[in-house]
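What the coordinates show
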Amino acid sequence: MIILGLKLATVFTDNMVLQRDAEVNVWGQAEENSKVKGKICGQTSEGKVKNGNFRLTFNGLKVGGPFQLEVSSKTENRVVKNILVGDVWVAGGQSNMQFRLKDSANGEEYIEESNYPEIRYYEVPEIEYEDDKTRIPNLVDKGWQASSKYTSENFSAVAYHFAKNLYKDLKIPIGIIDCNKGATSASCWMSEEYLVKDENVKIAYLDEYKKSIENLTQEKEDEQIKELYESKRIYAKKEGEYKKKYQEKTLDELQHDIGYAPWKPPTGRKSYLRPCGLYKTMLSKIIPFTVKGVIWYQGEQDAPKAKLYKSLFKSVIENWREDFENKNLPFVFVQLPMFNDENIDTWRIIRDAQLYILKTIKNTSMVVTVDCGEKGNVHPKDKNLVGERLALVVREDIYKENINGSSPIYSRYEKQGDKIAIYFDHVESGELIVQGGGALKGFEISGKQGEYYGANAEIVGDKVLVYSEKIKKPTSVRYGWKNYDEINLFNKYGLPASPFNTESKY
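No experiment lies behind these values; they were computed from the predicted model shown. (Residues numbered from 1 in each chain as written. Predicted model: local features only at pLDDT ≥ 70, side-chain atom pairs only at ≥ 80, totals over all residues. Heavy atoms only, no water.)

With respect to the sheet that holds strand β18 (residues 419-425)
The strand order β17-β18-β23-β22 describes an open sheet built from four strands, whose pairing is antiparallel. Of all the strands in the sheet, the pair left with one neighbour each is β17 (409-416) and β22 (456-460). Taken pair by pair, the neighbouring strands of this sheet meet at an average axis angle of 25 degrees, ignoring direction. Alignment of β18 against strand β23 (residues 463-467), held across four bridges, turns out to be antiparallel. Paired with Ala 421 across the two strands is Leu 465, which belongs to β23. Across the sheet, helix α10 (residues 347-360) lies against β17 and β18, angled at about 95 degrees from β17, the strand it touches most. (Pairing = 2+ DSSP bridges. Helix = DSSP H or I, 4+ residues; strand = E, 2+ residues; numbered from the N terminus. Axes fitted to C-alpha atoms, helices over the stretch in contact; angles between N-to-C directions. Contact = heavy atoms within 4.5 Å.)

What follows is the structure, encoded as structure tokens:
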């Protein structure tokens, strides 16, 4: 490897946020066997270049700024300016995390009010494929940006609202590293080493992919990619003309009138949907940046293979914790909302897998968003509520604030004659309510035969009693056990209870 000059990793730019009270990693490339020195906040660090790479570490940086980072070799010097020290979060996942502020509910209003100089945002360029000669697409790295009405329109709406709510509470700089892409499976965001740990996951994702490209020539794949980009170009022109002619029209109206942007990319070695692909082309660009934690919104793309999601998601968390060099790295994720996917009835299984992860993996938190879904829209537009809930649970679980930031989470059940009592975590007597009043909805009950019937349910203190005249000896209860269901069990703080199934093993 021939290194020409001193280079910092692309994530280190002016306006960035570095993690407070931790061992901060700074890395890059330089001439082999040379020494590189770094200085920030009165601290110095020195590292020797090996295989073209160097790493510097700084310890216990305190909240504040602006600071500057100086990195130098024997012959060159690099200076990164206007650095703040606070808390940094990675925003990972697929399209609902990627969903832009400008496209969200009340987006224009939020953009106009987004002047928060101490909230900084870095978007990892969405490189779908790269080797020594090719980079698809060849995007420009915009670097870190301070939040303002001039920069925020393309921020992740969920991540922006999360950062805004955290900032208002903590009063410290908040950095968001945006590393996500629409329509991606969790398998896109992990290494092959972790993807093959579960044989069933390996067969369903990696082996299936390899089989699909066995007879695909490079020429054929390049031709398919060219056709896709041409159709995208034509659509972009049509979209531009439409927006110019109908400036008052919404995104929904535009898509109704001219259709959706062309996708999906052809299966191939350069497809961003390939297993482990974006792990190499995007996530690797920010490893091992020192961060406070990860917020994650994903699972829709893995619904066709929902029964594997427990293992798949568990491996993602383990993989990222190893790569970010923090075995206790907080992983805070969004349980999928309600959505009437008519093609597959497995969103309930994904939600249940997410509940399983919450209950079995330490230092994980989950926000329940079943009330945030839209029956016919896989991309619900109210992202403010999702970001707000992420901040709430983080404040409670990570920052240890004495607040009520968690939804009612199924804990255990108890048979009481012809009824079953359901108990919850994060609930005290008097805190459960029926949102909007009336009868509880979404509960089903079964007996030994395993057939479920719609059930009556009533709140008694800190529990819910479930029963049906059709079942005299009940054995199990489930709640919200559909892709889309009307459910109304909340706590008095406005947080919905998570769907569950007493037959599941958590």
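Considering the nonpolar core
Across soluble globular proteins, nonpolar side chains show a tendency to be buried alongside one another. Ile 177, Trp 296 and Phe 443 are the most contacted members of the largest nonpolar core, which totals 138 residues. Not counting the four nearest positions on each side in its chain, Phe 443 is found in contact with Tyr 453, Gly 454, Ala 455, Ala 457, Val 464, Val 466, Val 477, Arg 478, Tyr 479, Leu 489 and Phe 500. (Core = buried A, V, L, I, M, F, W, Y, C linked by side-chain atoms within 4.5 Å. Buried < 20%, exposed > 50% of the residue type's maximum accessible area, 1.4 Å probe, protein only.)

With respect to the pairing of strand β9 (residues 116-123)
Burial within β9 is extensive, with six of its eight residues counted as buried. Pairing of β9 with strand β12 (residues 145-147) involves three bridges; the strand directions are antiparallel. Note on β12: the bridge partner recorded for Tyr 116 is Ser 147.

Details of the pattern of salt bridges
Two side chains that carry opposite charge are able to pair once their charged atoms sit near each other. Scanning the entire structure with this criterion turns up 31 salt bridges. Where Glu 401 meets Arg 395, a salt bridge forms, and the shortest distance between an N and an O atom there is 3.0 Å. Classification of Glu 401 by relative accessible area gives partly exposed; the value is 21%. What emerges from the salt-bridge pattern is a single network uniting Arg 100, Glu 123, Glu 126, Glu 128, Lys 142 and Lys 181. (Salt bridge = Lys/Arg side-chain N within 4 Å of Asp/Glu carboxyl O.)

Comments concerning the environment of Tyr 129
Within the secondary structure layout, Tyr 129 lies in strand β10 (residues 129-130). For Tyr 129 and Ser 271, which are 142 residues apart along the polypeptide, the C-alpha to C-alpha distance reads 7.1 Å. Apart from the residues within four sequence positions on either side, Tyr 129 is in contact with Thr 134, Arg 135, Ile 136, Arg 269, Lys 270, Arg 274 and Thr 281. Within the structure, Tyr 129 has its side chain in polar contact with the side chain of Asp 131 (distance 3.0 Å). (Polar contact = N/O pair within 3.5 Å; in protein donor to acceptor, adjacent residues only side chain to side chain.)

Regarding empty space enclosed by the protein
One pass over the structure, following the stated rule, counts two cavities of 30 Å³ or more. Approximately 90 Å³ is the volume attributed to the largest cavity. Around the largest cavity sit Glu 128, Ile 136, Glu 221, Ile 225, Leu 228, Tyr 229, Lys 232, Pro 265, Pro 266, Lys 270 and Ser 271, which together line it. Sorting elements by how many residues they give to the lining of the largest cavity places helix α6 (residues 218-245) first, with five residues. Residues that form the lining of the largest cavity fall into these classes: six nonpolar, one polar and four charged. Here the second largest cavity defines a volume of roughly 50 Å³. As for the second largest cavity, its lining consists of Met 366, Val 367, Val 368, Arg 389, Val 393, Gly 405, Ser 406, Ser 407 and Leu 495. Of all the elements in the fold, those that place two or more residues in the lining of the second largest cavity are β16 (364-367) and α11 (384-397). By residue class, the composition of the lining of the second largest cavity is five nonpolar, three polar and one charged. (1 Å grid on protein atoms, 1.4 Å probe; cavity = no way out; pocket = protein on both sides within 12 Å on 5 of 7 lines; lining within 4 Å. Points joined across faces, edges and corners; volume = space filled by probe spheres on them. Nonpolar A, V, L, I, M, F, W, Y, C, P; charged D, E, K, R; others polar.)

Regarding helix α7 (residues 251-258)
Considered for burial, the residues of α7 that qualify are Leu 254, Gln 255 and Ile 258. Along α7, the residues classed as buried sweep out an arc of 95 degrees about the axis, all on the same side. Against the buried residues of α7 lie α6. Following α7 by one or two positions, Gly 259 has its phi on the positive side, about 90 degrees. (Arc of directions from axis to C-beta.)

Brief notes about the packing of aromatic side chains
For the structure shown, the criterion picks out 23 aromatic pairs. Geometrically, the ring pair formed by Phe 443 and Phe 500 is edge-to-face, given 6.4 Å between the ring centres and 65 degrees between the ring planes. With a gap of 57 residues between them, Phe 443 in strand β20 (residues 443-446) and Phe 500 in strand β26 (residues 500-501) connect regions that are remote in the sequence. For Phe 443, a relative accessible area of 4% gives the class buried. Grouped by ring-pair contacts, the aromatic residues Trp 296, Tyr 309, Phe 313, Trp 320, Phe 324, Phe 331 and Phe 333 constitute a single cluster. (Phe/Tyr/Trp six-rings, centres within 6.5 Å; stacked < 30°, edge-to-face > 60°.)

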